[in-house]
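Close look at the chain arrangement
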Amino acid sequence: MGDTGRAPSAVPGQEPTPMPRLALYALAVCALAVVAAVVSFAAGMWLGIVWVLLAGLSSNMAWYYIRRARTEAARAAETA
């Protein structure tokens, strides 16, 4: 779409956040899905299988974003 003319959001020399927000959101979704699965299975509903699948997906997403942030930080440390 092209350059919008805006300055980059990161301030030069500023330390990056230790963990990206998307990883934190994915961890929160994972924890809530696990709780929902436990409650669903305790109530005798098989719908808990969907919650287990959602927990697995969100935990993989959190792992991906955390690992990506670590590799970007390592790459930035190499170039600096």
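Residues numbered from 1 in each chain as written. Predicted model: local features only at pLDDT ≥ 70, side-chain atom pairs only at ≥ 80, totals over all residues. Heavy atoms only, no water.

**Some details on a nonpolar patch on the surface**
On the surface, V29, M45, L47, V50, W51, L54, L57 and M61 cluster together to form a nonpolar patch covering roughly 690 Å² of accessible area. One can find V50 in helix α2 (residues 48–79). (Patch = residues over 30% accessible without salt bridge, like charges linked within 9 Å, V, L, I, M, F, W, Y side chains within 5 Å. Areas by Shrake-Rupley, 256 points an atom, 1.4 Å probe, with all protein chains shown as cover. Salt bridge = Lys/Arg side-chain N within 4 Å of Asp/Glu carboxyl O. Helix = DSSP H or I, 4+ residues; strand = E, 2+ residues; numbered from the N terminus.)

**Brief notes about the packing of helix α1 (residues 21–42) against α2**
For the pair α1 and α2, interaxial distance at closest approach is 8 Å and the crossing angle is 160°. In terms of orientation, α1 lies roughly antiparallel with respect to α2. In this structure, α1 crosses over α2, and the sense of that crossing is left-handed. Residues L22, A23, A26, L27, V29, C30, A33, V34, A36, A37, S40 and F41 of α1 lie in contact with α2, whose contacting residues are G48, I49, W51, V52, L54, A55, S58, S59, M61, A62, Y65 and I66. (Axes fitted to C-alpha atoms, helices over the stretch in contact; angles between N-to-C directions. Parallel < 35°, antiparallel > 145°, perpendicular 65-115°, else oblique. Left-handed = near helix turned anticlockwise from the far one by under 90°. Contact = heavy atoms within 4.5 Å.)

**Concerning the side chain of S58**
The residue S58 is located in helix α2 in this model. A distance of 3.3 Å separates the side chain of S58 from the backbone nitrogen of C30, its partner in a polar contact. What S58 contacts, discounting residues up to four positions off in sequence, is A26, V29 and C30. (Polar contact = N/O pair within 3.5 Å; in protein donor to acceptor, adjacent residues only side chain to side chain.)

**Some remarks on α1**
Along its 22 residues, α1 runs 32 Å from first to last C-alpha, staying within 8% of the 32 Å computed at 1.5 Å per residue. The inward-facing, buried residues of α1 contact α2. Of the residues trailing α1, G44 is marked for its positive phi of about 85°. (Expected span 1.5 Å × (residues − 1).)

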